Amino acid sequence: MKKDEKSKKKRNKMGAEDKKVIRREISKLLRREIPSLTLGSLAMIGSSLSNQAMPRLLGKVLDSYSSSDDSCSNSSSKDTQVLYAVVLGGGLASWIRTVCLNRVQLNLEGELRTHVFARHLSAKEEVEVAKVTNVWQEDIPKVTAALTTTFANVIRSSCSCGFALYNMMYLDASLVKLSATMVPAIGASAMF
């Protein structure tokens, strides 16, 4: 019984030490990817900003085309050009975000797989193939997705909420009050 407790404590201690080593390795790998993560994050913000600007710009273009005055043709042309620029800029930002974050994710997966493989090759005890395969197929993709995709989703959601709040305040501050009071009440009543 005492041997089992000692071996369990030893395994738990080794597990905690392994986690610290793995965290240090992941931090070291992430530091190398900071430029791509930064560019991808900035592109994510640009893409979210263009998505939030589209309704207002489209409304301006439609309003200017619906008026029959010839003096509006110059402003509608400018508004249309701005709309084109925002659409193209948003598409480019979305492409840059996708490329950068996917590149980081693939680089991290490759490096982590190399570390896992090297670690198990240098292990003194016999390694279970199923364990290594499980780490390769499930754990590493989850970690890299959490570091890239989940991070990007948090940025996108934060930007969308912030920009939507700004747009509502710009249109009418009473919309914010209504949303802050009624939407949680309706959501809570829908749950019961």
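Just so it is clear, the structure is predicted and the values come from calculations on it, not from any experiment.

Each value, and the rule that gives it
Residues numbered from 1 in each chain as written. Predicted model: local features only at pLDDT ≥ 70, side-chain atom pairs only at ≥ 80, totals over all residues. Heavy atoms only, no water. Axes fitted to C-alpha atoms, helices over the stretch in contact; angles between N-to-C directions. Helix = DSSP H or I, 4+ residues; strand = E, 2+ residues; numbered from the N terminus. Parallel < 35°, antiparallel > 145°, perpendicular 65-115°, else oblique. Contact = heavy atoms within 4.5 Å. Nonpolar A, V, L, I, M, F, W, Y, C, P; charged D, E, K, R; others polar. Expected span 1.5 Å × (residues − 1). Bend = angle between axes of the 7 residues up to and from the residue. Salt bridge = Lys/Arg side-chain N within 4 Å of Asp/Glu carboxyl O. Buried < 20%, exposed > 50% of the residue type's maximum accessible area, 1.4 Å probe, protein only.

Draft legend 1. View of the packing of helix α5 (residues 149–171) against helix α6 (residues 173–191). Packing of α5 against α6 brings their axes to within 5 Å, and their N-to-C directions diverge by 125°. Considering the angle they form, α5 stands oblique to α6. Contacts from L165, M168, M169 and L171 of α5 reach α6 at A173, L175, V176 and S179. Per-class residue counts for the contact of α5 with α6 are seven nonpolar, one polar and no charged.

Draft legend 2. Quick peek at helix α2 (residues 34–66). In a regular helix each residue adds 1.5 Å, so 33 residues correspond to 48 Å; α2 covers 48 Å between its end C-alpha atoms and thus fits that length. The largest bend in α2 comes to about 35°, at M54, with the proline P55 one to four residues further on.

Draft legend 3. Focus on α6. With 19 residues, α6 extends 28 Å between its outermost C-alpha atoms, agreeing within 8% with the 27 Å of an ideal straight helix rising 1.5 Å per residue. Of all the bends in α6, the greatest measures close to 30° and is centred on S179.

Draft legend 4. Focus on the pattern of salt bridges. Considering all chains together, one arrives at one salt bridge under this definition. Ionic pairing is found between R103 and E33, a salt bridge with its closest N-O pair at 3.4 Å. Within this pair, whereas R103 is found in helix α3 (residues 72–121), its partner E33 is found in the loop between α1 (2–32) and α2, the two being separated by 70 residues in sequence. Relative accessible area serves as the criterion here: at 10%, E33 is assigned to the buried category.

Draft legend 5. The environment of Q81, seen in detail. Here Q81 is to be found in helix α3. Residue Q81 is classed as exposed on the basis of its relative accessible area, which comes to 51%. Sequence separation between Q81 and V61 is 20 residues, and the spatial gap between their C-alpha atoms is 9.7 Å.

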